[in-house]
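Analysis of the macromolecular model
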Amino acid sequence: MMQPLPTTFLHVDMDAFFASVEQRDHPELRGKPVVVGAPPGQRGVVAAASYEARKYGIHSAMPSSTAQQKCPHAVFVAHNMARYKEASRQIMRIFESYTPLVQPLSIDEAFLDVTGARRLFGTGQAIAEKIRRDILEQTELTASVGVAPNMFLAKIASDMNKPDSLTMVPFEQKAIEQFLAPLPIGRMWGVGKVTQKKLLSLGLSTIGQLQQCDFPTLERAVGPRAARGFSQLAHGIDERSIETDSEEKSISNETTFAEDLTDREQIEAVYKRLIDKVGARLRKAGYFASTVHLKIRWSDFSTITRQTRFSIPCADDVSLREAGMALLEEHLRRRPVRLIGFGVSGLSETDQPPAQQLNLFEAPDTAEHEKRNRLSRAADGIKEKYGGQSLRRGSDLN
Ligand SMILES: [Mg+2]
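Residues numbered from 1 in each chain as written. Predicted model: local features only at pLDDT ≥ 70, side-chain atom pairs only at ≥ 80, totals over all residues. Heavy atoms only, no water.

Let us now look at the overall build of the protein chain. Scanning the protein chain from N- to C-terminus turns up 15 helices and 12 strands. On C-alpha atoms alone, the protein chain measures out to a radius of gyration of 28 Å, which is more than a quarter above the 21 Å that the 2.2 N^0.38 rule sets for 398 residues. Projected onto its principal axes, the C-alpha coordinates of the protein chain cover approximately 75 × 60 × 45 Å. Per-residue burial for the protein chain yields a buried fraction of 44% across its 398 residues. With 52 positive and 49 negative side-chain charges, the protein chain shows a spacing of 3 Å between the two charge centroids. (Helix = DSSP H or I, 4+ residues; strand = E, 2+ residues; numbered from the N terminus. Rg over C-alpha atoms; globule rule 2.2 N^0.38 Å. Buried < 20%, exposed > 50% of the residue type's maximum accessible area, 1.4 Å probe, protein only. Lys, Arg positive; Asp, Glu negative; His and termini not counted. Charge placed at Lys NZ, Arg CZ, Asp CG, Glu CD.)

With that settled, the discussion passes to the coordination of the magnesium ion. Within the first shell, the magnesium ion binds the protein through Asp13 (OD), Met14 (O) and Asp108 (OD), at distances of 2.2 to 2.5 Å. Sequence spacing among the residues donating to the magnesium ion works out to D-M-x93-D. Residue Met14 is located in strand β1 (residues 9-14), and its partner Asp108 is located in the loop between β5 (102-106) and β6 (109-113); the two are separated by 94 residues in the primary sequence. Across this residue pair, the class does not change: Met14 and Asp108 are buried. (Donors = N, O, S within 2.8 Å, 3.2 Å for Na, K, Ca; no water.)

The amide bond that connects Lys162 to the next residue, Pro163, takes the cis arrangement and shows omega of -5 degrees. Even without a glycine there, the phi angle at Glu140 is positive, about 60 degrees. In the Ramachandran plot, Phe301 falls in the positive-phi region, its phi being about 75 degrees despite a non-glycine side chain. Residue placement: Phe301 occurs in the loop between β10 (288-298) and β11 (303-314).

Here's what the structure looks like:
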């Protein structure tokens, strides 16, 4: 029998990302204090600073004028987001070549659950080394990686030995607590300036001191919820798991008119086509929807979104049109419309009603529901074969 592998997370964070991309693309900037952001004359702020610039106390979000005072010979360069995004896509692809469980936190960092990947690629440390090597080979950039039994610890670790580093957190409880003990409490999630002050007033400046603090004292200072959270983190406990957004959770289509429309029939005609498109995509993806959404943007750019729910999840054209048109009927006004949109959410793979349901918009009875599903799928088949214009409902031809 296969032994279960210990849950293993990586946090990968690129080093001085924007500044490093600039130094890579412009060799004359290498070894120099580089500041990405607005030039000092323009009242802007620093978006990123190279490690050479950080030595002068320059950091991101600092006014560019302050940065220049701190380091008069700093080189200011305008940001080139297209280049950063390109590098970001490359590193995200590298992550996905090791595990599907990737949760990006920003353009240059992500959490990876590599528990399953260990059977193929070895220990967490081995995977972290491979990923760092792939990133260097493919992008000529360096990353710092933390390897740990949970996300909280992995994130702390990736930051400890920056730049160009790999930091392992122990996997054994006592060793985890020792690892955390010397760190300042500000390193814990959710500890902002205000909380930090409260904790400091209790004499708590390190995570180790927080580990020793009795719960009632902590609870009085920060409230029960935060107290529970902090004492868990102080002991290195974090139960969260990766949230991927690869699942399609909603499907929608919208149209912006070339000119703002007031004619109700014209708006309805476009809207019906959107409903049918969304319905076809929904059925093709093999889902049923429990909620439908209407979006209207008026000529002054103010926007409303309204929704209604089916009592049982639906995917057929008739039900989608009934629900969608009812929403439009209720919310369309005699105002010029700039954009109209229709969408569905609450997607499930069956049309079984959820255990707890809001019965706001009645779906047809079961036999009718079945019939509608069959008809819509048959129509999809014909459209796919002969093109979208071949089949129209009678009401469209009026
Ligand atoms: Mg970074």
